[in-house]
Amino acid sequence: MDNLAGLIENNFNMMYIPLFDIFGGQERFRLRYKFDNASRYICRREDYPFETLDCGYCLQAMKNSRCVIIEIDGLGSFVFTDHRHSDLFLVLQRYFKETDSFVFCGNDEGGYFKILRDGKIRRKIASFLCMEGIRNCPETRGKPCEYEIASGHVYKADMQARHMKDMLPDFTGREVRALMDYYIDMSRFTDENIRRILIYALSAEEENS
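If you're wondering where the values come from, they're calculated on a predicted model, not measured in any experiment.

Colleague: Looking at this structure, how should I read the environment of Ala161?
Modeller: The residue Ala161 is located in the loop between helix H3 (146–151) and helix H4 (173–183) in this model. Assessed through its relative accessible area of 18%, Ala161 is described here as buried. In sequence terms Ala161 and Phe89 are 72 residues apart; their C-alpha atoms lie 29 Å from each other.

Colleague: Where do I start with the sheet that holds strand S11 (residues 139–142) in this structure?
Modeller: Strand order in the open sheet formed by ten strands is S2-S3-S12-S4-S5-S1-S6-S7-S8-S11, and the pairing between neighbours is antiparallel. Each having just a single partner strand, strand S2 (28–32) and S11 make up the two edges of the open sheet. Ignoring which end each strand starts from, the neighbouring axes of this sheet average 20° apart. Here seven bridges tie strand S4 (residues 66–72) to strand S12 (residues 194–204), and the two strands are oriented antiparallel to one another. Looking at the pairing, Glu71 lines up with Arg196 of S12. Set on the sheet, helix H1 (residues 55–63) makes contact with S4 and strand S5 (76–80); between it and S4 the angle comes to about 140°.

Colleague: Can you help me understand the environment of Tyr16 in this one?
Modeller: Its location among the elements puts Tyr16 in strand S1 (residues 12–17). Tyr16 sits in the buried class, given a relative accessible area of 7%. Separated by 77 residues in sequence, Tyr16 and Gln93 have C-alpha atoms that sit 10 Å apart. Only 2.7 Å separates the side chain of Tyr16 from the backbone oxygen of Leu75, close enough to count as a polar contact.

Rules used throughout
Residues numbered from 1 in each chain as written. Predicted model: local features only at pLDDT ≥ 70, side-chain atom pairs only at ≥ 80, totals over all residues. Heavy atoms only, no water. Helix = DSSP H or I, 4+ residues; strand = E, 2+ residues; numbered from the N terminus. Buried < 20%, exposed > 50% of the residue type's maximum accessible area, 1.4 Å probe, protein only. Pairing = 2+ DSSP bridges. Axes fitted to C-alpha atoms, helices over the stretch in contact; angles between N-to-C directions. Contact = heavy atoms within 4.5 Å. Polar contact = N/O pair within 3.5 Å; in protein donor to acceptor, adjacent residues only side chain to side chain.

Written out as structure tokens, the structure is:
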């Protein structure tokens, strides 16, 4: 198994932006989502201490309030966080309106997927996802995507179900990875194609800063 594959094996939170150098080489900067006071971050770049990918180091960095950006030749930037900081993706979708981007999150019990265009949700599929003690409510939004049409299976949350886990029971990390394979040339998602690895510390911005 490629080392990179360990980052999307389970309990993964990833945003794909088909661009490079998304933060423009800045060492310290602010990111804000103006419609949500909670989604405000000060980002500070840190040195990555290895020449090649160390999957364990990256996973531990995410647990310590870092985001990991891996640039892949021929694809663009893959932004990884832990679940507590996955609202970073909400901020980034507003910063990169000029290109389609995707959000992929999942584990063995639930999944979360978004296609973003012009900074807005084109399609969202979310089941009952619990990660790090944080729960996401099931929801489907927008028209069925190309993958759903091609596969003949359209996801729709059952809003009449008694329990959230039953609202969309057949959408987990496995289905999210299938969407990943459909929309991204994951044959290029290998250690050999890594262009650069960046680490940014994420700290919440104070209201008066």
